[in-house]
Protein chains: 2
Amino acid sequence: MSAFAKARERVGFSPDKMRKQNLFDSPNMFCDVYGLEPGQAQSAHAHAGSDKIYFVLEGTADVQIGEETRRLEAGELAHAGPGVAHAVANPGPGRLALLVFMAPKP
Amino acid sequence: MSAFAKARERVGFSPDKMRKQNLFDSPNMFCDVYGLEPGQAQSAHAHAGSDKIYFVLEGTADVQIGEETRRLEAGELAHAGPGVAHAVANPGPGRLALLVFMAPKP
């Protein structure tokens, strides 16, 4: 695994479901890039001991953190602490690319 | 602290030195946004037990990871594992804005 990565060259999409590609991986933290076609989503879930941060690279994301859902555009972030439910969906019309940071690796 | 943030609204710059603004903070991980005027830098250092990831939001960054230094543009990332020396500098001519993720908080 290289210490360097170009996010947009690494994002992938699939007609079946959201696609995840790993960029960096360690026991302390990993970083993935997610590609979501319009209408695709990651449903609400929580991680008991880990934090997650989403960063919108491209497109529009409906991000749920706990009880709140906001529509985010490129350059916006969201944070879910341990045990906090979180979800993301692409309302379209374009593709959605997200960086996802999680610590520690569950 | 809100669960949501707009990176570019939070970046700050100072004529004296690189400026850090915290976006999210937990014992597992924090996320800062750094603003560097041309010529400003964070000199090489390492964290014994923590990983760090840089993401270039805007501008150009000379990022050192271990023995390697690369020139990164917006959308590129770099990762330093525990104990790996890392540094960042803004070669100009524009301002540099970086997202910085560190896990765990040292």
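Keep in mind that what you see is a predicted model, and the values were worked out from it rather than measured.

Cis peptide bonds are those with omega within 30 degrees of zero, and the linkage from Gly 92 of chain A to Pro 93 of chain A qualifies with 5°. Assignment of secondary structure puts Pro 93 of chain A in the loop between strand S9 (86-89) and strand S10 (96-103).

What follows is about the interface of chain A and chain B. Taken together, the contact between chain A and chain B spans 35 residues of the former and 35 residues of the latter. Both sides of the chain A and chain B interface together cover about 2,700 Å² of buried area, and 72% of this is carbon and sulfur. The three residues of chain A that bury the most area against chain B are Phe 4, Met 29 and Leu 77 of chain A, which together make up 27% of that side's buried surface. Along the contact surface separating chain A from chain B lie 12 residue pairs in polar contact (both at pLDDT 80 or more).

Strand-to-strand pairing in sheets goes through backbone hydrogen bonds, with the strands running parallel or antiparallel. Residue and element names in this part refer to chain A. The strand order across the open sheet formed by 4 strands is S4-S9-S6-S7, and the pairing between neighbours is antiparallel. In this open sheet, the two edge strands, each paired with only one partner strand, are strand S4 (41-45) and strand S7 (68-72). Each neighbouring strand pair of the sheet contributes to a mean axis angle of 15°, computed without reference to strand direction. Two elements, S4 and S9, share 3 bridges in a ladder whose sense is antiparallel. Each residue of the ladder has a partner; that of Gln 42, found in S9, is Val 88.

Rules and cut-offs
- Residues numbered from 1 in each chain as written.
- Chains lettered and ligands numbered in written order.
- Predicted model: local features only at pLDDT ≥ 70, side-chain atom pairs only at ≥ 80, totals over all residues.
- Heavy atoms only, no water.
- Helix = DSSP H or I, 4+ residues; strand = E, 2+ residues; numbered from the N terminus.
- Contact = heavy atoms within 4.5 Å.
- Buried area = accessible area lost by both parts, 1.4 Å probe.
- Polar contact = N/O pair within 3.5 Å; in protein donor to acceptor, adjacent residues only side chain to side chain.
- Pairing = 2+ DSSP bridges.
- Axes fitted to C-alpha atoms, helices over the stretch in contact; angles between N-to-C directions.

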